[in-house]
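# Structural characterization, general
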Amino acid sequence: MKDILLLGAHISIAGGLHKALLAGKEIEATTIQIFTANHRTWASKQVPEDEIILFHQALADTGLSHIMSHSSYLINLGSPRLDVRQKSLTAFRQEILRSLALGITYINFHPGAALDSPVEECLNVICEALLSMADCFDKRHQLHLLIETMAGGGSVIGARFEEIAYIIDAVKGVLPIGVCMDTCHTFTAGYDIRTEETLASTLNEFDRVIGLNYLKAMHLNDSANEFASRKDRHAPIGEGMIGKGGFSAIMKEPRLASLPKYLETPGGLDVWKTEIAWLKRQIP
Ligand SMILES: [Zn+2]
Ligand SMILES: [Zn+2]
């Protein structure tokens, strides 16, 4: 099993998108997550042709696969404000086009925030926004859109599995849709994963409400905050409230074994290298 393990981290694209793949290889990652553009500004452009070529070359050279793009933090597909929604739709479409050009496998996105609108209205706006992207996809593409599980602070959508299931039900069959489970967010949203037993029952609940066939990837982050606190602050693996036991359980759980897993822990390449090595050692 160890040779097909898909494990990596979110790596900076400073100096060029392909540099992230090379850095991933150096820390013994087999996959990585990146931003395909500056995630803190609305202005987003397509990737120049020479950068696309370098990226494909680095993919071939490093053997990394299942590359995930984390979409911009500014995007709110469920915003009740028309101007923000319009900018979000444009930015999300550009994210899809960049990811298709780069041969990326997954776009991970935050479903949205209702702000002062009712949750159900926000959910419907998100579904409509996603459905408007259908023309970007055809059967030849491997690209999947993954809804990230959220901690649920403020009016953020996606902390409850039921909300994620609602979106999936509305777009499945039209769009390649799935879920990326963030361990920190899911834990602070109130789903326990600290032991093999609690992890198993959380996965059972996920299966009952959403369906485990939709679970495509994971963000591995420990949590600086307590269980069910609805707060989102990541901690190094084993140093937060989830603890080593939780991450050991994740690496042992057969239902999660084939999923690509990406660290978004504080630190840098050296820390992630150590965390990847530790996680690998937990596999039976
Ligand atoms: Zn995220
Ligand atoms: Zn987070």
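Look up: the structure comes first, before these words.
As a starting point, this report considers the structure included with it. Think of each chain on its own: its residues are numbered from 1, step by step along the sequence as written. Written order determines the labels here, with chains lettered from A and ligands numbered from 1. Where local features are concerned, this predicted model is filtered to residues with pLDDT of at least 70; where side-chain atom pairs are given and counted, the filter is 80 or more; whole-chain, interface and lining totals use all residues. To get the side-chain values, take all heavy atoms of the structure and skip hydrogens and water.

### Here's the deal with the packing of aromatic side chains
Short version of the rule: Under the pairing criterion, centres of Phe, Tyr and Trp rings, with the six-membered ring standing for Trp, must be within 6.5 Å; the plane angle then separates stacked pairs below 30 degrees from edge-to-face pairs above 60, leaving the rest tilted. Put simply, DSSP marks the helices as runs of H or I at least four residues long and the strands as runs of E at least two long, and each gets a number from the N terminus on. Burial classes: relative accessible area under 20% of the type maximum marks a residue as buried, over 50% as exposed, and values in between as partly exposed (1.4 Å probe, protein chains only).
Applying the stated criterion across every chain yields a total of five aromatic pairs. Centroid distance Phe-92 to Phe-109: 5.2 Å. Interplanar angle 70°. Geometry classified as edge-to-face. Residue Phe-92 is found in helix H3 (residues 82–102), and its partner Phe-109 is found in strand S4 (residues 106–109); the two are separated by 17 residues along the sequence. Assigned by exposure class, Phe-92 and Phe-109 land together as buried. Geometrically, the ring pair formed by Phe-161 and Phe-206 is edge-to-face, given 5.2 Å between the ring centres and 70° between the ring planes. With Phe-161 in helix H5 (residues 161–171) and Phe-206 in helix H7 (residues 196–209), the pair connects residues that are 45 residues apart, well separated along the chain.

### Overview of H7
Short version of the rule: For a helix, the expected span equals 1.5 Å multiplied by the number of residues minus one. This arc corresponds to the set of directions leading from the helix axis out to the C-beta atoms.
Between its terminal C-alpha atoms H7 stretches 20 Å, which fits the 20 Å expected from 14 residues at 1.5 Å a residue. Buried within H7 are the following residues: Leu-199, Thr-202, Leu-203, Phe-206 and Val-209. The buried residues of H7 all sit within an arc of 135° when viewed along its axis, so they share a single face. For H7, the exposed residues lying more than 90 degrees away from the buried face are Glu-197 and Arg-208. Directly beyond the C-terminal end of H7, a positive phi value near 105° is found at Gly-211.

### Observations regarding the coordination of the zinc ion (ligand 2)
What counts here: Counted as donors are N, O and S atoms no farther than 2.8 Å from the metal, or 3.2 Å for Na, K and Ca; water is not among the atoms, and sites may therefore look incomplete. Any coordination sphere not matching a tetrahedral pattern (four donors, all angles between 85 and 135 degrees) or a square planar or octahedral pattern (four or six donors, opposite donors over 155 degrees apart, other angles between 65 and 115) is reported as irregular.
Coordination of the zinc ion (ligand 2) by the protein is provided by His-185 (NE2), Asp-232 (OD), Asp-232 (OD) and His-234 (NE2), with metal-donor distances spanning 1.9 to 2.7 Å. Coordination geometry of the zinc ion (ligand 2): the four donor atoms subtend angles of 51 to 141° at the metal centre, consistent with an arrangement described as irregular. In the primary structure, the donors to the zinc ion (ligand 2) are separated according to the pattern H-x46-D-x1-H. Since its relative accessible area comes to 46%, Asp-232 is described here as partly exposed.

### Let's talk about the pairing of S4
In the case of a regular strand, side chains alternate between the two sheet surfaces. To keep things clear, this is the line we draw: A pair of strands is treated as paired once DSSP finds two or more bridges between them. Seen with the strands pointing away from the viewer, any crossover whose path from the first strand over the helix to the second strand runs clockwise is right-handed.
The alternating pattern of S4 places Tyr-106 and Asn-108 and Ile-107 and Phe-109 on opposite faces, both of which are buried. Inspection of the sheet shows strand S3 (residues 68–70) paired to S4 by three bridges, in the parallel sense. Looking across to S4, one finds that Met-68 is bridged to Tyr-106. Chirality of the crossover, the property in question, places the unit of S3, H3 and S4 among those that are right-handed. Taken together, the four bridges between S4 and strand S6 (residues 144–148) define a ladder with parallel strand orientation. Directly across from Phe-109, in S6, lies its bridge partner Ile-147.

### Some remarks on the sheet that holds S6
So the rule is basically this: Axis lines are fitted through C-alpha atoms, for helices just across the contact stretch, and the angle between N-to-C directions can take any value from 0 to 180 degrees. Every residue pair with non-hydrogen atoms within 4.5 Å of one another is taken to be in contact.
The strand order S1-S2-S3-S4-S6-S8-S9-S12 describes a closed barrel built from eight strands, whose pairing is parallel. Shown here is a sheet whose adjacent strand axes are inclined to one another by a mean of 25°, direction ignored. Note: strand S1 (residues 7–10) against strand S2 (residues 31–34), three bridges, orientation parallel. Paired with Gly-8 across the bridge in S2 is Thr-31. Its contacts with the sheet put H3 on S3, S4 and S6, and the angle it makes with S4 is roughly 155°.

### Some words on the side chain of Ser-117
Applied cut-off: Throughout this description, a polar contact denotes any pair of N or O atoms lying within 3.5 Å of each other; where both atoms belong to protein, one of them has to be capable of donating a hydrogen while the other can accept it, and for residues adjacent in sequence the pair is counted only when both atoms sit in side chains.
Looking at the element boundaries, Ser-117 is found in the loop between strand S5 (112–113) and helix H4 (119–131). A polar side-chain atom of Ser-117 sits 2.7 Å from the main-chain carbonyl oxygen of Ala-114. Excluding its chain neighbours within four sequence positions, the residues that come into contact with Ser-117 are Pro-80 and Cys-122.

### Observations concerning helix H8 (residues 243–252)
One turn of the α-helix equals 3.6 residues, which is why residues spaced by three or four share an orientation. Counting buried residues along H8, seven of its 10 residues qualify, which places the element largely inside the surrounding structure. Regarding H8, the residues found buried are Gly-243, Gly-246, Phe-247, Ser-248, Ala-249, Ile-250 and Met-251.

### Some words on the coordination of the zinc ion (ligand 1)
The zinc ion (ligand 1) binds to the protein through His-70 (NE2), His-110 (NE2), Glu-148 (OE) and Glu-148 (OE); the donor distances cover 2.2 to 2.8 Å. Taken together, the four donor atoms coordinating the zinc ion (ligand 1) and their angles of 51 to 136° define a geometry best described as irregular. In terms of primary sequence, the donors binding the zinc ion (ligand 1) are separated according to H-x39-H-x37-E. Between the zinc ion (ligand 1) and the zinc ion (ligand 2), the interatomic distance is 5.4 Å. Here the residue His-70 occupies a position in strand S3, and His-110 occupies one in the loop between S4 and S5, the gap between them amounting to 40 residues. When its relative accessible area of 3% is taken as the criterion, His-70 is described as buried.

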